[in-house]
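Coordinate inspection notes
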Amino acid sequence: MDATEMPLPDDGTRSGGDAPAGGRRPRVMVLFGGRSGEHAISCATAGGVLRAIDRTRYDVVAVGITRTGQWVLADDDPERWAIRDGHLPEVEDTATRVLLPQGTGEHDVQVVRDGRLDAPLGAVDVVFPLLHGPFGEDGTLQGLLELADLRYVGSGVLASAVGMDKHMMKLVLAGSGLTVGPFRVLPGGRPADDALLASWVEELGLPLFVKPARAGSSLGISRVDDAADLAAAVAAAREHDPKVIVEAGLAGREIECGVLGGRGGAAPRASLPGEIVVTDARHSFYDFEAKYLDEAGVTLSCPADLDPDVVARVQDAAVRAFEAVGCEGLARVDVFVTPDGEVVVNEINTMPGFTPYSMYPRMWQVTGLEYADLVDELVGLALERPTGLR
Ligand SMILES: Nc1ncnc2c1ncn2[C@@H]1O[C@H](COP(=O)(O)OP(=O)(O)O)[C@@H](O)[C@H]1O
Ligand SMILES: [Mg+2]
C-alpha cells in the first residue's frame, strides 16, 4: 500500500491500549527539560502537550529534568513553559526528587521532599518523554525507562541512539538503500589537523556543513563557504560534541515528513510533507534563530507544494527511514529534494519539535489528525506496546 493510503485509525481505536486495571484513567508522566542544549525547546514542547492532553482521559503528572539532571515535580500550567518575547523557559529545582520504580511490575513513582519520602505519587502507566538532544532523545533516557520497566512514547534505546548520531544514522540509512549526502567524520579526541581538513574541502567541495554529530536545533552547526573558516567551524561544533560530522552542502528544497507508528502491528504511516523556506537572507540556512526566535524569517509551508509523485517518493523514503532505524511511535524525516528530483535524506528526528506550531504536528494536522488527537494517538501507541524486548 502507498504511504498516503495508509488509514488513520478511526475514533474507536485512537486511544486506550492497555487501560490500567480498576477503571482508573491512565496516568501519563509528561517529562521535559533535560541536560542538553535543547532544554528550553523541550519545555516549550511540554507546554503544548500539557495544554492539549485530554485530562478527562488521562491523569497528568508533569516532571521536569533540570539542566544538571535532577528530576523534579514541575508546574503543569502550560503558560509557564511558553517561549515568549525571546524568553526561554527553564526547569528550576523545586527541591523535590522524583524516583522511578525499580523492578519489573512495580509502577509506583516516589517523591522525595526535603530529604524524606513523600506520599507515593502512584502508578505511572506511560512516560511521555519530550526531550530533545543528548540525555533525552539519544537512548540514554530510554534505557533508564527500560530498566524501570515503564512504557514510554517513542523510539527505544537503539533507534534513539542511531537517530541522534548523524554519523550512525547515515550509515544505517545508506545501508538500507536510502540516499544520503557525502560526509566525513572527526571522532572525539582526534585533532582537527589542517591537512585532513584541507583534504575534506578537496573531496567534498564547498559549501560544507559542519555539525556536532549528536545535537539538534541547529546548535553548533556552521555553513562554511570559505576553506579558511573550516577549523573555526569544527571548533564551534566541538563545543557541543567531541564528535563532528562534515557534510557536503546539498542544493535542493528542504522537505520534511512525519511518520507515525502503526497500530496493532500495522505499517507506519506517513503524513503529507511540509517545506521549510528560509526567507530572510540573514540566515544562510535553517539555524537556531530561524527555528525559534525569528519565525518571521521562515515559512513553514504545509503541506508542501510538490508533485504527487514527489510526495509519494518522500513518504516512501520517510517510512523506509523509520523502519531502517527501527523507530517506534513517531519520527520526522527531513530530506532534500534536489533540482533533478532526487530525494536525499538529511536526518531522522526521533523526538521532533512538538509544539502545536512545529512542523511535525502541523503536517499531521493537514493530513487529518489534530494536535490533541496526535497526542492521544502517541499515548495509545505507547500503552499498547509491551515493555521489555520487542
Ligand atoms: N548537507 C547540507 N546541505 C545543505 N544544507 C544543510 C545540510 N545539512 C544541514 N543543512 C541545513 O542546516 C539545517 C540544520 O541541519 P540538520 O542536519 O537538520 O541539524 P539539526 O539536527 O540541528 O536540525 C538544516 O535544516 C538545513 O537548513
Ligand atoms: Mg534538522
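Residues numbered from 1 in each chain as written. Chains lettered and ligands numbered in written order. Predicted model: local features only at pLDDT ≥ 70, side-chain atom pairs only at ≥ 80, totals over all residues.

**A few points about the UniProt feature "domain: ATP-grasp" (unreviewed entry) in the protein chain**
Within the UniProt annotation, "domain: ATP-grasp" (unreviewed entry) is assigned to residues 170-380. Along residues 170-380, the helical share is 33% and the strand share 24%, with 30 Å between the first and last C-alpha atoms. (UniProt positions renumbered as here; feature names shortened; annotations may be inferred. Helix = DSSP H or I, 4+ residues; strand = E, 2+ residues; numbered from the N terminus.)

**Details of the domain arrangement of the protein chain**
Accessible area lost when the parts come together is the quantity often used to give the size of an interface. Assigned domains of the protein chain: these are domain 1 (3-153), domain 2 (162-179 + 250-369) and domain 3 (183-248). Using only C-alpha atoms to locate each centre, domain 1 and domain 2 end up separated by 25 Å. On the side of domain 2, 20 residues touch domain 1, which itself brings 22 residues to the contact. Residue classes in the side of domain 1 that touches domain 2 are distributed as 13 nonpolar, seven polar and two charged. (Domains from an automatic or database assignment. Contact = placed C-beta atoms within 7 Å. Nonpolar A, V, L, I, M, F, W, Y, C, P; charged D, E, K, R; others polar.)

**Regarding the site of ligand 1**
In the neighbourhood of ligand 1, 17 residues make up the surrounding shell, with Phe209, Glu247, Leu250, Phe285 and Tyr286 lying closest. Every element with two or more residues in the shell around ligand 1 is listed here: strand E10 (208-212) and strand E18 (343-349). Its residues assigned to classes, the shell around ligand 1 shows six nonpolar, six polar and five charged. Summarising the domain contributions, the shell around ligand 1 has at least three residues from each of domain 2 (162-179 + 250-369) and domain 3 (183-248). (Near = placed C-beta within 6 Å.)

**Description of the sheet that holds strand E1 (residues 27-33)**
Strand pairing in a sheet takes place through backbone hydrogen bonds and is either antiparallel or parallel in direction. As summarised here, the arrangement of the four strands in space is E3-E2-E1-E8, forming an open sheet in which the pairing is mixed. Each of the sheet's edge strands pairs with one partner strand only, and the pair in question is strand E3 (71-73) and strand E8 (126-129). Adjacent strand axes in the sheet meet at a mean angle of 30 degrees when their direction is disregarded. Across three bridges, strand E2 (residues 59-65) lies against E3 in antiparallel orientation. Within E3, the residue paired with Val63 across the bridge is Leu73. Across the sheet, helix H1 (residues 39-52) lies against E1, E2 and E8, angled at about 150 degrees from E1, the strand it touches most. (Pairing = 2+ DSSP bridges. Axes fitted to C-alpha atoms, helices over the stretch in contact; angles between N-to-C directions.)

**Observations regarding helix H10 (residues 371-384)**
The first and last C-alpha atoms of H10 sit 20 Å apart over 14 residues, in line with the 20 Å expected at 1.5 Å per residue. Counting buried positions over the 14 residues of H10 gives 11, a clear majority of the element. Tyr371, Asp373, Leu374, Val375, Asp376, Glu377, Leu378, Val379, Gly380, Leu381 and Ala382 are the residues of H10 that are buried. The elements touched by buried residues of H10 are E1, H1, E8, strand E13 (253-260), strand E17 (330-337) and helix H9 (359-367). (Expected span 1.5 Å × (residues − 1). Buried ≥ 20, exposed ≤ 12 C-beta atoms within 10 Å, placed from the backbone.)

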